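# Chains, contacts and geometry: an overview
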Amino acid sequence: MKQPSVWIVASLMAGFYTCSPDKIYVVSGVCHSMPKILSRGSFLFLPYMQNMVQLSIETITTTITTNRVMSKNRIPINVTGTAQIKININDRRSVYDATAYFPDANARDISAICSENLKVIS
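This section reports on the structure supplied with the text. Going along each chain's sequence as written, the residues are numbered from 1 onward. The model is predicted, so local features are restricted to residues of pLDDT at least 70 and side-chain atom pairs to those at 80 or more, both for listing and for counting; the totals for chains, interfaces and linings are taken over all residues. To obtain the side-chain values, all non-hydrogen atoms of the structure were included, while hydrogens and water were left out.

### Brief notes about the overall build of the protein chain
Helix and strand assignments come from DSSP, with helices taken as H or I runs of at least 4 residues and strands as E runs of at least 2, each series counted from the N terminus. The secondary structure content of the protein chain amounts to three helices and seven strands. Mapped from its N terminus to its C terminus, the protein chain presents α and β elements in the order α-β-β-β-β-β-β-β-α-α. The buried label goes to any residue with under 20% of its type's maximum accessible area, the exposed label to any with over 50%, and the partly exposed label to all in between, with areas taken from a 1.4 Å probe on protein chains only. Residues counted as buried form 26% of the 122 residues belonging to the protein chain. By definition in these notes, contact holds between two residues if any of their heavy atoms fall within 4.5 Å. In the protein chain, once contacts between residues fewer than 6 apart in sequence are set aside, the share between residues at least 24 apart is 51%. When the accessible surface of the protein chain is split by element, carbon and sulfur atoms take 57% of a total near 8900 Å². Each accessible area is a Shrake-Rupley result for a 1.4 Å probe, and residues are judged covered by the shown protein chains and nothing else.

Now the structure itself:
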């Protein structure tokens, strides 16, 4: 008789999360008509009924080097640039876009993706 209650408590504890200062969580599914953005505090996550994406909100710095770019005077030059990438957590649309483009990606993955996109543009 005690085993079902232990199972329920263990299941709930397995889904208990605390937000760290450098991450946000976007939770969708049961109990949320719109995805919920959680940036601080603790929350309960129901693993089989909800979906959760974790995003880093640290500033990511990446260096882009492009060799032999033609200048305005048609002279080939080497260009090195630095880009800083950060998710604007005050804008819900930015967070939803980051969730779609970088689900569960770490800072290194995000930096690599942005580097490749900036190299194509330049």
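### Description of the nonpolar core
We define a nonpolar core as any set of buried Ala, Val, Leu, Ile, Met, Phe, Trp, Tyr and Cys residues linked to one another through side-chain atoms lying within 4.5 Å. In this structure, L55, V95, F102 and I110 are the most contacted members of the largest nonpolar core, which totals 14 residues. Those elements that place two or more of their residues in this core are β2 (23-29), β5 (50-56), α2 (92-101) and α3 (107-121). Excluding anything up to four places from it in sequence, I110 contacts I60, I85, F102 and A105. Of all hydrophobic cores here, the second largest spans seven residues; its members include Y25, V27, F43 and F45.

### Concerning the sheet that holds strand β3 (residues 32-38)
Strands qualify as paired when DSSP identifies two bridges or more between them. With antiparallel pairing, the three strands of this open sheet are ordered in space as β3-β2-β5. Every other strand in the sheet has two partners, leaving β3 and β5 as the edge strands with one partner each. Between one strand and the next, the sheet's axes are offset by a mean angle of 15°, whatever the strand orientation. Pairing analysis gives four bridges linking β2 to β3, with the strands arranged antiparallel. Bridge pairing in β3 places V26 opposite I37. The axes are straight lines fitted to the C-alpha atoms, using for helices just the contacting stretch, and the angles between their N-to-C directions are given from 0 to 180°.

### Observations regarding unusual backbone geometry
It is generally the case that most residues other than glycine have a negative phi and that most peptide bonds are trans. Residues other than glycine seldom take positive phi values, yet R68 does so here, at roughly 55°. Tracing the sequence through the fold places R68 in strand β6 (residues 60-70). Of note in the backbone geometry, R74 takes a positive phi value of approximately 65° without being a glycine. Assignment of secondary structure puts R74 in the loop between β6 and β7 (76-85). Judged by relative accessible area, R74 falls into the exposed class, the value being 65%.

### Here's the deal with the pattern of salt bridges
Definition used for salt bridges: Asp or Glu carboxyl oxygen within 4 Å of a side-chain nitrogen of Lys or Arg. A complete count under the given rule lists one salt bridge for this structure. In this structure, R93 and D97 form a salt bridge, with 3.3 Å as the shortest nitrogen-oxygen distance. Of this pair, R93 and D97 are both found in helix α2, four residues apart, which corresponds to roughly one turn of the helix. Given a relative accessible area of 52%, R93 falls into the exposed group. D97 gets classed as partly exposed once you look at its relative accessible area, which sits at 29%.

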